[in-house]
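Listed below are the residues making up each chain.
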Amino acid sequence: MRVIAGTARGLRLTAPRDLQTRPISDKVKESLFGSIGERIVDARVLDLYAGSGAIGIEALSRGAASVTLVERAPPAVRVIRENLERTGLAKQAVVEGRAVEVFLGTTTAGPWDVVVLDPPYAERTLDLPLDRLRAHLAPGALVVVKHFWRTPIPPDVGLAVIRSRRFGETALTFLEEER
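This structure is a prediction, so every number in the text was calculated from the model and none was measured. (Residues numbered from 1 in each chain as written. Predicted model: local features only at pLDDT ≥ 70, side-chain atom pairs only at ≥ 80, totals over all residues. Heavy atoms only, no water.)

Tallying secondary structure elements over the protein gives 5 helices and 7 strands in all. Listed by position from the N terminus, the elements making up the protein come as α-β-α-β-α-β-α-β-α-β-β-β. A compact globule built from 179 residues should have a C-alpha radius of gyration of about 16 Å, and the protein, at 15 Å, falls within 12% of that. The principal-axis extent of the C-alpha atoms belonging to the protein is close to 40 × 35 × 30 Å. Of all 179 residues assigned to the protein, the portion counted as buried reaches 51%. Long-range pairs, those at least 24 residues apart, make up 65% of the contacts in the protein between residues at least 6 apart in sequence. Within the protein, one finds 25 positive and 22 negative side-chain charges whose respective centroids are separated by 5 Å. (Helix = DSSP H or I, 4+ residues; strand = E, 2+ residues; numbered from the N terminus. Rg over C-alpha atoms; globule rule 2.2 N^0.38 Å. Buried < 20%, exposed > 50% of the residue type's maximum accessible area, 1.4 Å probe, protein only. Contact = heavy atoms within 4.5 Å. Lys, Arg positive; Asp, Glu negative; His and termini not counted. Charge placed at Lys NZ, Arg CZ, Asp CG, Glu CD.)

Okay, here's the thing in structure tokens:
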């Protein structure tokens, strides 16, 4: 796993050594950031279920103003911090070591311009995090969910699907606030 583009291009990232974390493949990461395009430059980014921090670090490397990475597993939080130090991007990042639902229910930070959720495939419902997330979105924010392709995106959380891409068992679903 490596940083694909930007100031930290080519630097290798490590992943937690557990069965809970699924590092994002370079192919999916390239597609994600190709779809986001210039929206990432100077954006405030929220990386939920951050795992190794690869998505947030890629965003910083490509010009995001700041990234908040939320991950509850202590081994993964350590890896995120190590990866941020290795890439020299730690000063632009905040790492929150707690559950996503707790973070979204208590944070006063935000609003965020781009949000990426990469929940464990075992979590078959996205209702609660997507519902709580809406209060923390900037106007015109983009939300991207990386998920098991059979996990449905809830239709009643005030976010509309604008695009979806599938890569084997993985899907990327892009959402914006309904108008």
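A few words now on the sheet that holds strand β2 (residues 66–70). Overall, mixed pairing links the 7 strands, which are arranged β3-β2-β1-β4-β5-β7-β6 in an open sheet. The sheet is open, and its two edges are formed by β3 (93–96) and β6 (159–167), each paired on a single side. Ignoring strand direction, the axes of neighbouring strands in this sheet form an average angle of 15°. Inspection of the sheet shows β2 paired to β3 by 4 bridges, in the parallel sense. For Leu69, the partnering residue across the bridge sits in β3 and is Val95. (Pairing = 2+ DSSP bridges. Axes fitted to C-alpha atoms, helices over the stretch in contact; angles between N-to-C directions.)

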